[in-house]
Amino acid sequence: MGVAAQEELNVYESAEARFELAAARLGLEHGLYQYMKYPEREITVYIPVSLDTGEIAVFTGYRVLHSTVRGPGKGGIRFAPNVSLDEVRALAAWMTWKCAVVNIPFGGAKGGVICNPANLSKSELERVTRRYTASLLDWFGPERDIPAPDIGTNDQIMAWVMDTYSMHARQAMTAVVTGKPLDLGGSQGRKEATGRGLMICCNKATAKLGMKREGCRVIIQGFGNVGSEGSRLMHEAGYKIVGAADIHGGLYNEKGLDVPKLYDWVYRQRQPLPEFPGGGEKLSSQEVLFRPCDILVPAATENQITSQNAHRVDCKILCEGANGPTTSHADPVIEKKGIFIIPDILGNAGGVTVSYLEWVQDRQGFFWREREVNEHLQDVMEQAFDDVVRYAETHRVNNRIAAYIVAIDRVARALKLRGFYA
Ligand code: NAD
């Protein structure tokens, strides 16, 4: 792969390119620009862990606090072999913009440990988690920095983070982490939150473009948490899911897929998605993105729509569920086609929004019913959608750049109000 192609596929370069563009468009003064571009602080920890064999292994972990200007840092912990400080740094900045775009009172953070969870036993994983948390006791806290699950981590791992922190604090502190199990201060509606947020954005976009929801053709790439919950909710709401894909391949069916049966096939019967009986035309995981539809939802992984293939995208609305599914090099092609974009920092922000609601419930010690959580989520997402689209229209920029500008502007205004201490 050439250097130019490699650069295009670097998600962090993509995120940075958009930050630069938005900052320039906003006329951000140089000092503020520099302050926001770099993290507040970052740390590397070396975590000694006894393996089940009795040997000691040392893992490397990171935590980056990009911004606490608007509130405590918020961001996931990733357990993966390819975690790097650069990646964590970029993801932390992304969280700052995402929280600002939906206007929740959090800054941005991210963490990770270089390890392969698939090769660790449950007790080894627990020891890695507890020692990583113990190393960061001074960093984490409900008012400082609140982790959440990300690739390779889950609700059980969040429960261990909460327990380790609480043992040191000498009291139960559920609000130190979100994405916890329901039995331990988790929130109703968290599992569906990102998919629900996507649907709320699609509802707003279709209404805006005068499109009918009934029978509106949707293709969703990715059938994990975001893609499967998004498909189920949109199917229930009357959208016609004509395409679906996971890592094993994709399906396209003009008549619409029976999503509840497909969900059962993949999750209860544990069968590969493309083998779904009577599912329709079998395609590769990526090819499904280029079939005709009204709404395309890439909700699997990054770098799916690039400068090489963007001309083949055939939809009216592109609603990004994954982080970074479209490269910055593909942006002009998508824009030229007149596609209405719901960018990732808006489209998939339903997850962090319900994490915020979980933190609120933990702190107040009173838990809402799912209906109430969903109502709050809807308010937050609709307001954010309106803010972004209004800015895009008033200033004649695309929705992606508008989302970045709205976010950067909110952080800059908070920063100016706080001033610079000493
Ligand atoms: P997940 O691991 O539950 O599911 C990922 C899905 O994508 C699986 O169905 C997998 O088979 C499929 N997939 C992986 N690689 C693929 C490929 N190359 N082509 C087609 N399908 C592929 O993950 P998730 O939680 O659903 O997250 C999906 C994306 O959404 C990620 O980019 C994640 O960062 C982002 N996101 C997730 C949340 C959340 O709340 N879970 C919130 C915000 C953003």
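Here, every reference points to the structure presented above.
Residues numbered from 1 in each chain as written. Predicted model: local features only at pLDDT ≥ 70, side-chain atom pairs only at ≥ 80, totals over all residues. Heavy atoms only, no water.

### Description of the overall build of the protein chain
What counts, and what does not: Secondary structure elements are defined from DSSP: runs of H or I of at least 4 residues count as helices, runs of E of at least 2 residues count as strands, and each element is numbered from the N terminus. The reference for a compact globule is 2.2 Å times residues^0.38; the radius of gyration itself is calculated from the C-alpha atoms. Residue burial is assigned from relative accessible area. The probe radius is 1.4 Å, only protein chains are included, and a residue is buried under 20% of its type maximum, exposed over 50%, and partly exposed in between. The contact definition used throughout considers only heavy atoms, calling two residues in contact when any of these lie within 4.5 Å. The Shrake-Rupley method, run with a 1.4 Å probe, gives the accessible areas here. Residue values count only the displayed protein chains as cover. His is not counted, nor are the chain ends; Lys and Arg add positive charge and Asp and Glu add negative charge. For the purpose of locating charges, the reference atoms are NZ of Lys, CZ of Arg, CG of Asp and CD of Glu.
Of the regular secondary structure elements, the protein chain holds 14 helices and 12 strands. Over its C-alpha trace the protein chain gives a radius of gyration of 21 Å, about what one expects of a compact globule, namely 22 Å for 422 residues. Dimensions along the principal axes, computed over C-alpha positions, put the protein chain at roughly 55 × 55 × 50 Å. In the protein chain, which comprises 422 residues, the proportion classed as buried is 58%. Considering only residue pairs separated by 6 or more positions, the protein chain has 69% of its internal contacts joining residues 24 or more positions apart. A total accessible area of about 18,100 Å² is found for the protein chain, and carbon and sulfur atoms account for 49% of it. Charged side chains of the protein chain number 48 positive and 50 negative; the gap between the two group centres comes to 3 Å.

### Quick look at the pattern of salt bridges
Put simply, the rule is: By definition, a salt bridge exists where a carboxyl oxygen of Asp or Glu is found within 4 Å of a side-chain nitrogen of Lys or Arg.
As enumerated under the stated definition, the model contains 31 salt bridges in all. The residue Arg 268 makes a salt bridge to Asp 264 at a minimum N-O spacing of 2.7 Å. You can see Arg 268 and its partner Asp 264 sitting in helix 9 (residues 259–268), four residues apart, about one turn around the helix. Among the residues examined, Arg 268 registers a relative accessible area of 60% and is labelled exposed. For Asp 264, a relative accessible area of 24% translates into the label partly exposed. Connected through salt bridges with shared partners, the residues Arg 18, Glu 320, Asp 331 and Arg 400 form a single ionic network.

### Quick look at unusual backbone geometry
For Asn 103, which is not glycine, the phi torsion reads 60° and is therefore positive. With respect to the secondary-structure elements, Asn 103 resides in the loop between helix 4 (85–101) and strand 4 (108–114). A positive phi is found at Ala 422, a non-glycine position, where the angle reads about 55°. Tracing the backbone through its elements, the reader meets Ala 422 in the segment after helix 14 (399–418). Residue class for Ala 422 comes out exposed when judged on its relative accessible area of 98%.

### Some words on the environment of Ile 56
Inspection of the secondary structure puts Ile 56 in strand 2 (residues 56–67). A relative accessible area of 62% means that Ile 56 is categorised as exposed. Aside from chain neighbours lying at most four places away, what touches Ile 56 is Pro 48 and Val 49.

### Some thoughts on helix 13 (residues 370–395)
For clarity, the threshold we go by: Any helix carries an expected span of 1.5 Å times its number of residues minus one.
With 26 residues, helix 13 should reach 38 Å at 1.5 Å per residue; the first-to-last C-alpha distance of 37 Å fits that figure. Arg 396 lies just past helix 13 and shows a positive phi near 50°.

### Looking at the site of the ligand
For clarity, the cut-off: Note on definitions. A residue lies near a molecule or strand when any single heavy atom of the residue is within 4 Å of it. Counting of polar contacts relies on pairs of N or O atoms within 3.5 Å, with two restrictions inside protein: one atom must be capable of donating a hydrogen and the other of accepting it, and residues adjacent in sequence are counted only when both atoms are side-chain atoms. In the scheme used here, Gly and all other residues not listed as nonpolar or charged are polar, with Ala, Val, Leu, Ile, Met, Phe, Trp, Tyr, Cys and Pro taken as nonpolar and Asp, Glu, Lys and Arg as charged.
In the vicinity of the ligand there are 18 residues, among which Thr 194, Phe 223, Asn 225, Val 226 and Ile 247 approach most closely. Residue Phe 223 places a main-chain N or O atom 2.9 Å away from an oxygen atom belonging to the ligand. Among the secondary structure elements, those contributing two or more residues to the shell around the ligand are helix 7 (190–208) and helix 8 (225–236). For the shell around the ligand, the residue count by class is six nonpolar, 10 polar and two charged.

### Some details on the sheet that holds strand 6 (residues 217–221)
Strand pairing in a sheet takes place through backbone hydrogen bonds and is either antiparallel or parallel in direction. To keep it simple, the criterion reads: By the convention used here, strands pair only if DSSP detects at least 2 bridges between them. Every angle, taken between N-to-C directions, lies between 0 and 180 degrees, and every axis is a line fitted to C-alpha atoms, over only the stretch in contact when it is a helix.
The strand order 9-8-7-6-10-11-12 describes an open sheet built from seven strands, whose pairing is mixed. Since the sheet does not close on itself, it has two edges, and those belong to strand 9 (281–283) and strand 12 (340–342), each with one partner. Pairwise comparison of adjacent strand axes, ignoring direction, gives a mean angle of 15° for this sheet. Packed on one face of the sheet, helix 7 meets strand 10 (295–298), strand 11 (317–319) and strand 12 and runs near 155° to strand 12.

### Brief notes about the packing of aromatic side chains
Definition in use: To pair, rings of Phe, Tyr and Trp, with the six-membered ring standing in for Trp, must have centres within 6.5 Å; the planes then decide the type, stacked if under 30 degrees apart, edge-to-face if over 60, and tilted in the middle. Working rule: Lys NZ or Arg CZ, within 6 Å of ring centre, within 35 degrees of ring normal, means a charge sits over the ring.
Enumeration over the complete set of coordinates arrives at 12 aromatic pairs. Ring centres of Phe 19 and Tyr 33 lie 5.7 Å apart, and the angle between their planes is 20°; on these two criteria the pair is classed as stacked. Remark: Tyr 33 occurs in helix 3 (residues 30–37) and Phe 19 occurs in helix 2 (residues 11–26); sequence separation between them is 14 residues. Across this residue pair, the class does not change: Phe 19 and Tyr 33 are buried. An aromatic cluster is present here, built from Phe 19, Tyr 33 and Trp 97 joined pairwise through their rings. Residue placement shows Arg 232 over the ring face of Tyr 263; its charged tip is 3.7 Å from the ring centre.

Geometric descriptors of this kind do not, in isolation, establish any biological role.
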